[in-house]
Every structure is written in structure tokens, then in C-alpha cells.
Amino acid sequence: MSRVEFKKNGSIMGDMYLAVDIGGTKTLVALFNRRGRVIRRIKFKTSWQKERFIRELTSVLTRFKKFKLAAVIVAIPGVVQKNCSVRFGNRDWGTFSLAKTFQNLFDCPIYFENDANLAAVYESHRLPGKTVFLTFSTGIGGGIAERGHLLVESDKFEPGHKIYTIDGKTAEWEDLAASSALEKAFHVDAATELRGKKTMMQIAERVYLGIPDIISKYQPNTIILGGPLGKIFNLYVKYLPKNDGVRYRKPKRPLESVIYGCYLFGKTQE
């Protein structure tokens, strides 16, 4: 999950930031002004075919070439390596490079970072102490930050792959509690549609599976539960067991934490 930066000599500092959130279901490209306001956004479905995805991504990015950019920040749903090769956790694409796709289009600093790390940057920005951000989406990702700055522990934080057992089923946490897993288990099209006390109690039980280990190892002050489950946070949080000194919190922007994290990350690199 290490971050990667590319800079070009002699580039002119712009006054806008381009955030690119590559997700398992959709890719969102958002243009921020210097004050953090989104002035243009384009969203498209993330193709299952690598070559098609890169073509569609390039086509969308081309529309932003005319703007003077201070930085481009790319959120990856997986591992970023030092030569800017990436491995998506939700695609069987192997390891490949996205660097040229962006370097051929933009003459400004370009940063690649794990998406959950960037969400942690945004969601922890004004909170005291240590924050663990968890996103329950296609899988379960996470980041660890303090007041908007990533901590070194975040680089190896992959909570979704830990093994747990519930109702006689043993699997990775994300196969039991990610939004995609809940949609299959409860037969709904979107996890945000889930309702009912019994259902919320079951969701809380699945969400809580990995939390004791996280608290024991990282001792956070706040745990933020994001992704689609962040949208229904108020429905199930009352059924989560309490832990002394740890507060559960709804994300400020349940489905857009990543792009706002891109903006903050880019701004702090200046």
C-alpha cells in the first residue's frame, strides 16, 4: 500500500486537483478547486476487461487535459508498488502499470495510493487521536490515520483478509461482511436497501467480527464504518458491542470519502 509519486521537471503549478477513484463497481473522476469544491465529475462503470477499462479511463481523463492542475491523485483498490505497478484486489488482472496512462496526459505531480488509505485521510481530518477507517464495499479495506495524516501501520493494514467464523461458515471477513457479501446473503440488489431489526442485528454481528482484533492491535480512538454500510450506519450501530475508549462513527461522506481524501492528500503534498 505504499504511495508512489511522479513529477515532471519544469511543470507549472496549477490551482486544481484531479481525483480518480477506481472502484470495484465504478470509477469516479472529480475535479476540485483549491478550496475543495468539486466543480466537475464523471462516473463510469469499471469494466471487468483490463484493456477496455484503460481505454475508457483514458477517454475520460482526456477531458481534463485543458485544466491547469496542481496534482493528480489516483486511488487504487489494491496494492501500489514503487515502480507504480498496481494489483487490483477486486480484479484478476495480475500486476500492471498505470503510470504511463497518466504521464502521457498530465504535466504535474501524479500520486498513486490505496483507496482506503485516502478515505482515512479525509475522514480523520478533524478528529482527535488515532482513527481506523473501514470500508465495507466490494471487499473490506481500511486505513489508519491521525488528523488527516496516514500512519505507518496503514501500509500493511488489510483487515478484510483475516479469517473468522459465523453461523458455521469460516471465511475471510470480507466474504462475510462486505456489502457485496451482505447483498448475496440477504438477497438484495444493494446493501443500502437492508432494513429491519433482526437484519440489523445480523449485520452488526458480521461487522463486529474483525473489530476486537483491530482494537487490540491498533488501539484506535475512533472507528469509522464506511462504504455502502456507512449509509445505513444509524440502523445497525446500536447493536454493535461497546468498547471502552473507542467510538464508532458514521463517515462524513459515506460514498465519496475517497475522492475527498484524494484532494486533501494532494494538497498536503505541496
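Anything mentioned here points back to the structure above.
Residues numbered from 1 in each chain as written. Predicted model: local features only at pLDDT ≥ 70, side-chain atom pairs only at ≥ 80, totals over all residues. Heavy atoms only, no water.

Colleague: Quick question: what am I supposed to make of the overall build of the protein here?
Modeller: The number of helices and strands found in the protein is 10 helices and 16 strands. Taken over the C-alpha trace, the protein has a radius of gyration of 18 Å; the compact-globule value for 270 residues is 18 Å, and the two agree within 12%. In terms of overall dimensions, the protein has C-alpha extents of about 55 × 40 × 30 Å along its principal axes. Taking all 270 residues of the protein together, 56% fall into the buried category. For the protein, the share of sequence-separated contacts (at least 6 apart) that also reach a separation of at least 24 residues comes to 64%. (Helix = DSSP H or I, 4+ residues; strand = E, 2+ residues; numbered from the N terminus. Rg over C-alpha atoms; globule rule 2.2 N^0.38 Å. Buried < 20%, exposed > 50% of the residue type's maximum accessible area, 1.4 Å probe, protein only. Contact = heavy atoms within 4.5 Å.)

Colleague: Hey, could you run me through the sheet that holds strand 6 (residues 78-80) in this one?
Modeller: The sheet built from three strands is open, its strands ordered 6-7-8 with antiparallel pairing. Of all the strands in the sheet, the pair left with one neighbour each is strand 6 and strand 8 (95-97). Averaged over neighbouring strand pairs, the angle between their axes works out to 25° when direction is ignored. Strand direction decides the pairing type here: strand 6 and strand 7 (residues 85-88), joined by three bridges, are antiparallel. Bridged to Val79 within strand 7 is Arg87. (Pairing = 2+ DSSP bridges. Axes fitted to C-alpha atoms, helices over the stretch in contact; angles between N-to-C directions.)

Colleague: Just to check I follow, could you spell out the packing of aromatic side chains for this structure?
Modeller: Aromatic rings considered in pairs are described by the distance between their centres and by the relative angle of their planes. Inspection of every chain in the model, using the stated rule, returns 17 aromatic pairs. Considering the side-chain rings of Phe102 and Phe112, the 5.6 Å spacing of their centres and the 90° angle between planes classify their relative orientation as edge-to-face. With Phe102 in helix 2 (residues 99-103) and Phe112 in strand 9 (residues 110-114), the pair connects residues that are 10 residues apart, well separated along the chain. A residue is classified by how much of its surface remains accessible, and Phe102, at 0% relative accessible area, is buried. Its relative accessible area of 0% is what places Phe112 among the buried residues. Between Tyr111 and Phe265, the ring centres sit 5.7 Å apart and the planes meet at 85°, which makes this aromatic pair edge-to-face. Residue Tyr111 is located in strand 9, and its partner Phe265 is located in helix 10 (residues 257-268); the two are separated by 154 residues in the primary sequence. Under the relative-accessibility criterion, Tyr111 is labelled buried at 5%. Given a relative accessible area of 6%, Phe265 falls into the buried group. Aromatic ring contacts, followed pair by pair, group Tyr17, Phe32, Tyr122, Tyr260 and Tyr263 into a single cluster. The cationic tip of Arg91 hangs over the ring face of Trp48; the distance from NZ or CZ to the ring centre is 3.6 Å. Lying over the aromatic face of Tyr260, Arg253 brings its terminal NZ or CZ to 3.9 Å of the ring centre. (Phe/Tyr/Trp six-rings, centres within 6.5 Å; stacked < 30°, edge-to-face > 60°. Lys NZ or Arg CZ within 6 Å of the ring centre and 35° of its normal.)

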